[in-house]
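Overview (structure and organization)
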Amino acid sequence: MIEKLKKYAMLLVDPPWTKDGPENFTLAVPEAHSTFKRGDSGWANRPPAIVQCPSCISLFTHEFANDYIDCPTCQFELPPEEFAELQLEALLCPNCERELDHGIRHPGMLDVPEWASCTDCQYHWEYLHDYENGTH
């Protein structure tokens with residue numbers, strides 16, 4: 001009887017949902033946890049993009065979002081703020097170099113990706129913007 005009382009007293013003093021570790025009980029909702037381990041935000045930190053040149057139709061990598069866009073094949077150039085004019089083929093993970101899943105949440109407002117995620121290394125990128133103030 002004393003052993004049972006000790007066991008129940010320990011549950012009150014140190015409940016299982018307060019312990020750390022994967023084997024322990026938790027009241028947390030699994031869907032509320034982010035599975036992404038590292039990432040970036042903001043257009044300046046956009047992952048490298050593979051785009052198609054509108055002039056010669058070759059594919060090339062545009063590494064940094066704020067750099068001039070220039071095709072190495074035909075010398076086509078475009079300022080970085082006109083990125084949306086190009087055909088985006090893929091975004092590449094800066095950690096493992098795999099192709100990222102990406103998308104646009106507000107298609108009527110933006111023509112560029114607003115998020116990108118790597119299903120392999122769990123990298124995630126978000127394009128931060130503020131629609132209430134009219135800034136992107």
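Residues numbered from 1 in each chain as written. Predicted model: local features only at pLDDT ≥ 70, side-chain atom pairs only at ≥ 80, totals over all residues. Heavy atoms only, no water.

**Regarding a negative patch on the surface**
A surface patch of negative charge is lined by Glu63, Asp67, Asp70, Glu77 and Glu97. Relative to the elements of secondary structure, Glu97 occurs in the loop between β6 (87-91) and β7 (101-103). (Patch = residues over 30% accessible without salt bridge, like charges linked within 9 Å, V, L, I, M, F, W, Y side chains within 5 Å. Areas by Shrake-Rupley, 256 points an atom, 1.4 Å probe, with all protein chains shown as cover. Salt bridge = Lys/Arg side-chain N within 4 Å of Asp/Glu carboxyl O. Lys, Arg positive; Asp, Glu negative; His and termini not counted. Charge placed at Lys NZ, Arg CZ, Asp CG, Glu CD. Helix = DSSP H or I, 4+ residues; strand = E, 2+ residues; numbered from the N terminus.)

**Looking at the side chain of His62**
With respect to the helices and strands, the residue His62 is situated in strand β3 (residues 59-62). Classification of His62 by relative accessible area gives buried; the value is 3%. A distance of 3.2 Å separates a polar atom in the side chain of His62 from the backbone oxygen of Phe64. (Buried < 20%, exposed > 50% of the residue type's maximum accessible area, 1.4 Å probe, protein only. Polar contact = N/O pair within 3.5 Å; in protein donor to acceptor, adjacent residues only side chain to side chain.)

**Points about the pattern of salt bridges**
Summed over all chains, the structure comprises two salt bridges. Between Arg98 and Asp120 there is a salt bridge, with the nearest N and O atoms lying 2.9 Å from each other. Placement of Arg98 in the loop between β6 and β7 and of Asp120 in the loop between β8 (115-117) and β9 (123-126) is noted, with a sequence separation of 22 residues between them. For Arg98, a relative accessible area of 47% translates into the label partly exposed. Overall, Asp120 belongs to the partly exposed group, its relative accessible area being 45%.

**Concerning the sheet that holds strand β2 (residues 49-52)**
Reading across from one edge, β3-β2-β6 is the order of the three strands in this open sheet, with antiparallel pairing throughout. The strands lining the two open edges of the sheet, one partner per strand, are β3 and β6. Strand-to-strand, the axes of this sheet are offset by a mean angle of 30°, without reference to chain direction. Looking at chain direction, β2 and β6 are connected through four bridges and run antiparallel. Residue pairing across strands places Ile50 opposite Ala90, the latter belonging to β6. (Pairing = 2+ DSSP bridges. Axes fitted to C-alpha atoms, helices over the stretch in contact; angles between N-to-C directions.)

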